[in-house]
Amino acid sequence: MKITRIETFLVPPRWLFCRIETDDGIVGWGEPVVEGRAEVVRAAVDVLAEYLIGRDPLRVEDHWQVLSKGGFYRGGPVLSSAVAGIDQALWDIAGKAYGAPVHALLGGPVRDEVRVYAWVGGDEPARLADEITAQVEAGFTAVKMNAAGRTSPLATPAETAAVVERVAAARDVLGPGRDVAIDMHGRFGPAGARRILHAIESLHPLFVEEPLLPEQGHLLPALVGATCVPIATGERLYGRSEFLPALTAGIAVAQPDLSHAGGISEVHRIASLAETYGAQLAPHCPLGPIALAASLQIAFSTPNFLIQEQSRGIHYNKDADLLSYVVDTEPFHFVGGRARRTALPGLGITVDENAVRAADRTGHAWRNPVWRHDDGAFAEW
């Protein structure tokens, strides 16, 4: 079996899909994207495709090694994301060729259900209780929300109090039997993060995500040591070598993104590395159906898996949704806040190719907002 064609598709709201076709007629799908830089990743996939055309798609690990290390300059979000989407598609082909789901090829399932959480925003506190109530009524047992919107470089007393108020409001709705995770997006700075972590300890968040920017990883040990709140990070880390210092620092939850951190192959290894440090895996995935399908394959086969992010109802999805590009939505039918394991081959989904090609004709040019402080200086988004 040989790879004969590799295509990419810019599909709304902000995704990039990759299709790999073989001479046997087996097709695999992946989702290589950097949100806000999809066109750049598309160009990277085109360059990497030059190596893959004519080669055996079942040599998944060998291809990962060459695509990741074959260039003198390695790593970074663009290359790692391009490799990630190609890797997903190759695993999809392998599963279809062997007639097995990817999780079976990774050693077999360790669970039958995967707990997922719902996104509720949090930027608008007045709507928070209603949004969380709706997710609880839909069966979810965990939600995640932003700690705040634009924040001062060193959070003011009012900004700190507003975060605590949001988390307390969430806890009031959820009660003691459900969970809330808090995403800080690195917006608060090290000192502000310490203050907030201390202030919300009694509200028992499931974890606090990205209290520091990824380039401030050298400050993680002190922050982890200053709080009993579980610290999570990893959506902007792209391989084992970048996760190692964070795990050594004592993070409780590793959050690699299957579309950024080298795909299924590398995230499978990151999960094993995290297990040796007693850390749980909660893959980052505010993306499309292919990325989520790949994440679920990892979740079903990873002993130290905690919970899965998914994008149903997330605020980014204006023009399309998680279900817009799949033929059968059943794999994403969450009952009681959980996804059920299936025996469907490959990634376990059927992509609606007609819908994807039609969407690509429109495409998108999504960019993340650029925020400013009141004095006009750049603010973290």
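Residues numbered from 1 in each chain as written. Predicted model: local features only at pLDDT ≥ 70, side-chain atom pairs only at ≥ 80, totals over all residues. Heavy atoms only, no water.

1. Concerning the overall build of the protein
The helix and strand tally for the protein stands at 12 helices and 14 strands. Here the protein has a C-alpha radius of gyration of 20 Å; the compact-globule value for 381 residues is 21 Å, and the two agree. Judged by the C-alpha coordinates and their principal axes, the protein covers about 65 × 45 × 45 Å. Residue burial in the protein is summarised as follows: out of 381 residues, 57% are buried. Within the protein, residue pairs in contact and separated by at least 24 positions form 71% of the contacts whose partners lie at least 6 positions apart. Carbon together with sulfur atoms contributes 52% to the accessible area of the protein, which is approximately 15100 Å² in total. If you average the places of the 34 positive and of the 46 negative side-chain charges in the protein, the two averages end up 2 Å apart. (Helix = DSSP H or I, 4+ residues; strand = E, 2+ residues; numbered from the N terminus. Rg over C-alpha atoms; globule rule 2.2 N^0.38 Å. Buried < 20%, exposed > 50% of the residue type's maximum accessible area, 1.4 Å probe, protein only. Contact = heavy atoms within 4.5 Å. Areas by Shrake-Rupley, 256 points an atom, 1.4 Å probe, with all protein chains shown as cover. Lys, Arg positive; Asp, Glu negative; His and termini not counted. Charge placed at Lys NZ, Arg CZ, Asp CG, Glu CD.)

2. Thoughts on the UniProt feature "domain: Mandelate racemase/muconate lactonizing enzyme C-terminal" (unreviewed entry) in the protein
Residues annotated in UniProt with the feature "domain: Mandelate racemase/muconate lactonizing enzyme C-terminal" (unreviewed entry) correspond here to residues 125-230. The span residues 125-230 carries 46% helix and 11% strand; its end-to-end C-alpha distance comes to 23 Å. (UniProt positions renumbered as here; feature names shortened; annotations may be inferred.)

3. Overview of the packing of helix H2 (residues 60-69) against helix H3 (residues 76-98)
Where H2 contacts H3, the axes come no closer than 10 Å and their chain directions differ by 170°. The angle between H2 and H3 falls in the class roughly antiparallel. Residues Val60, His63, Trp64, Leu67 and Ser68 of H2 lie in contact with H3, whose contacting residues are Leu79, Val83, Ile86, Asp87, Leu90, Trp91 and Ala94. Per-class residue counts for the contact of H2 with H3 are nine nonpolar, two polar and one charged. (Axes fitted to C-alpha atoms, helices over the stretch in contact; angles between N-to-C directions. Parallel < 35°, antiparallel > 145°, perpendicular 65-115°, else oblique. Nonpolar A, V, L, I, M, F, W, Y, C, P; charged D, E, K, R; others polar.)

4. A few points about the nonpolar core
When a protein is soluble and globular, its nonpolar side chains tend to lie buried together. One finds Phe17, Ile20, Ile86, Ile264 and Phe332 to be the most contacted residues of the largest nonpolar core, which totals 108 residues. With nine residues, helix H11 (residues 289-301) is the largest single contributor of residues to this core. Isoleucine 86 has contacts with Cys18, Ile20, Val45, Leu48, Leu52 and Leu67, leaving out every residue within four places of it along the chain. If you look at the next biggest cluster of nonpolar residues, it comprises nine residues, including Ala181, Phe207, Val253 and Ile307. (Core = buried A, V, L, I, M, F, W, Y, C linked by side-chain atoms within 4.5 Å.)

5. Considering the sheet that holds strand E3 (residues 27-30)
In space, the three strands of this open sheet follow the order E1-E2-E3, with antiparallel pairing throughout. Sheet topology places strand E1 (3-11) and E3 at the edges, where each strand pairs with a single neighbour. Within the sheet, the average angular offset between the axes of one strand and its neighbour, ignoring direction, is 20°. In terms of strand pairing, strand E2 (residues 15-22) meets E3 through four bridges, oriented antiparallel. By the bridge assignment for E3, isoleucine 20 is matched with glycine 28. Across the face of the sheet, helix H12 (residues 353-362) comes into contact with E1, E2 and E3 while running at roughly 60° to E1. (Pairing = 2+ DSSP bridges.)

6. A few points about the state of the cysteines
The tally for this structure, following the rule as stated, stands at zero disulfides. Cysteine 18 supplies the cysteine sulfur nearest to cysteine 285, a cysteine that is in no disulfide, at a spacing of 16 Å. (Disulfide = S-S within 2.5 Å.)

7. Remarks on the packing of helix H9 (residues 240-249) against helix H10 (residues 263-276)
The interhelical angle for the contact between H9 and H10, taken along N-to-C directions, is 20°, at an axis separation of 10 Å. Relative to H10, H9 is oriented roughly parallel. Judged by the sense of rotation from one axis to the other, the crossing of H9 with H10 is right-handed. Between H9, through Arg240, Phe243, Leu244 and Leu247, and H10, the contact on the second element is made entirely by Glu266, Arg269, Ile270, Leu273 and Ala274. Here the residues of the contact of H9 with H10 are counted per class, giving six nonpolar, no polar and three charged. (Left-handed = near helix turned anticlockwise from the far one by under 90°.)

8. What about unusual backbone geometry?
A negative phi angle is the norm for most residues apart from glycine, just as the trans form is the norm for most peptide bonds. Residue proline 13 is reached from proline 12 by a cis peptide bond, and omega for that bond is 10°. Residue glutamate 210 is not a glycine yet carries a positive backbone phi of 45°. Position of glutamate 210 relative to the elements: it lies in the loop between strand E7 (208-209) and helix H8 (220-225).

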